[in-house]
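Geometric and topological summary
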Amino acid sequence: MSRLVISALNLGLGAVLAVGLTACNREANADGGVGGMASQSAPAGAKFARVVSVTPVREEASAPRQECHDEVVTHRAPVKDEHQIAGTAIGAVAGGLLGNQIGGGKGRTLATVAGAVGGGYAGHEIQKNRQENNMVSSTQRRCTTVAGKGGDRVVGYDVAYEYNGVTRTIRMDHDPGDRVQIQEGVVAVSDAH
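Described below are features of the structure shown in this document. Predicted model, so just to flag it, every value in this text is computed and none were measured.

So, the overall build of the protein
The helix and strand inventory of the protein stands at 3 helices and 7 strands. In sequence order, the secondary structure elements of the protein are arranged as α-β-β-α-α-β-β-β-β-β. Expressed as a percentage of the 193 residues in the protein, the buried residues total 18%. Contacts in the protein between residues far apart in sequence, at least 24 positions, make up 71% of those at least 6 positions apart. Looking at the protein as shown, the accessible area adds up to about 14200 Å², and 57% of this sits on carbon and sulfur atoms.

The following block contains the structure:
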């Protein structure tokens, strides 16, 4: 077939569908459908009550709460010997012994004193450096107060409806709209939009 014939068939088929849809919409409006469409959920002969009021039922947000976690904290260890006396004494003794090994006579005495002074100073600085770099880790529990999540949320709807001059209330999980379907004239069983 040629392209012209296929295009003409498509155009004709589209027109038939459009006319058929228009006729269906007119029939639905004539049957008393709501908003241009017939109610598909309501069975034939269903009874409806007029909704008087709809009140959302809200649940409050959760109260503030504490969230805690463990945190590793590193800090300098407490110093037991603030003046580094032990390091100075050990260094002086070691330096004096080492200086005593050098030379003889007055030179040996001078080397011993110089070794003791130098060793004392070196021992002091070594202990001071170790104390400054002596770190201790500990685990501490930290807690913070966290506000409740979100605001209020709707958990249902209290629906007041009127049927045969009597007003009743029922709780529903959704807003039913303008009317509710009634079963046996007493209970609202579903919504009707």
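Some remarks on the nonpolar core
Counting residues in hydrophobic clusters, the biggest one holds 9 residues: Ala49, Val51, Tyr157, Val159, Tyr161, Tyr163, Met172, Val180 and Ile182. Counting residues per element, the ones that place at least two in this core are strand S1 (47-59), strand S4 (153-163) and strand S6 (179-183). In terms of residue count, the dominant contributor to this core is S4 (4 residues). Among residues more than four places away in sequence, those in contact with Val159 are Val51, Ser53, Val54, Arg168, Thr169, Ile170, Met172 and Pro176.

Side note on the state of the cysteines
Inspection of the entire model under this criterion finds 1 disulfide. Between the sulfur of Cys68 and that of Cys143 lies a disulfide, 2.0 Å long from S to S. Between Cys68 and Cys143 the sulfur-sulfur dihedral comes to about 110°; the bridge is accordingly right-handed. Taken as a pair, Cys68 in strand S2 (residues 65-76) and Cys143 in strand S3 (residues 135-146) lie far apart in primary sequence, 75 residues in all. Since its relative accessible area comes to 32%, Cys68 is described here as partly exposed.

Concerning the environment of Ala92
By the element assignment, Ala92 lies in helix H2 (residues 85-100). On a C-alpha basis, the gap between Ala92 and Gly120 in space is 3.9 Å, while along the polypeptide they are 28 residues apart. Sequence-distant contacts of Ala92, defined by excluding residues within four places in its chain, comprise Gly115, Ala116, Gly119 and Gly120.

Some points on the packing of H2 against helix H3 (residues 106-133)
At their nearest, the axes of H2 and H3 sit 6 Å apart, and the two run at 150° to each other. Classed by the angle they form, the pair H2 and H3 counts as roughly antiparallel. Remark: the crossing between H2 and H3 carries right-handed chirality. Together, Ile85, Ala86, Gly87, Thr88, Gly91, Ala92, Gly95, Gly96, Gly99 and Asn100 of H2 and Arg108, Ala111, Thr112, Gly115, Ala116, Gly119, Gly120, Gly123, His124 and Gln127 of H3 make up the contact between the two elements.

Describing the pattern of salt bridges
For the coordinates displayed, the defined rule picks out 4 salt bridges. Between Asp70 and Arg141 there is a salt bridge, with its nearest N and O atoms 2.9 Å apart. Taken as a pair, Asp70 in strand S2 and Arg141 in strand S3 lie far apart in primary sequence, 71 residues in all. You'll find Asp70 and Arg141 in the same group, each marked exposed. Across the salt bridge formed by Glu71 and Arg142, the nearest N and O atoms sit 3.5 Å from each other. Of this pair, Glu71 sits in strand S2 while Arg142 is found in strand S3, placing the two residues 71 residues apart along the sequence.

The rules behind these values
Throughout, a residue's number is its position along its own chain's written sequence, starting from 1. Only residues with pLDDT of at least 70 are given local features in this predicted model, and only at 80 or more are side-chain atom pairs given and counted; all residues enter the totals for whole chains, interfaces and linings. By convention in this description, side-chain values take in all heavy atoms of the structure and omit both hydrogens and water. Secondary structure counts use DSSP, requiring at least four H or I residues in a row for a helix and at least two E residues in a row for a strand, with both numbered from the N terminus. Exposed residues in this analysis have more than 50% of their type's maximum accessible area, buried residues have under 20%, and partly exposed residues fall in between, with area computed by a 1.4 Å probe over protein chains only. The criterion used for residue contact is that any of the two residues' heavy atoms lie within 4.5 Å. Using the Shrake-Rupley algorithm and a 1.4 Å probe, accessible areas are obtained, with residue cover drawn only from the displayed protein chains. Definition used in this section: a nonpolar core is a set of buried Ala, Val, Leu, Ile, Met, Phe, Trp, Tyr and Cys residues joined via side-chain atoms within 4.5 Å. Put simply, a disulfide is two cysteine sulfurs that come within 2.5 Å. Comment: axis = line fitted to C-alpha atoms, over the contacting stretch for helices; angle = value between 0 and 180 degrees taken between N-to-C directions. Working definition: roughly parallel below 35 degrees, roughly antiparallel above 145 degrees, roughly perpendicular at 65 to 115 degrees, and oblique for all remaining angles. By convention the crossing between two helices is left-handed if the near helix lies anticlockwise of the far one by an angle smaller than a right angle, and right-handed if it lies clockwise. Put simply, a salt bridge is a Lys or Arg side-chain nitrogen that is within 4 Å of an Asp or Glu carboxyl oxygen.

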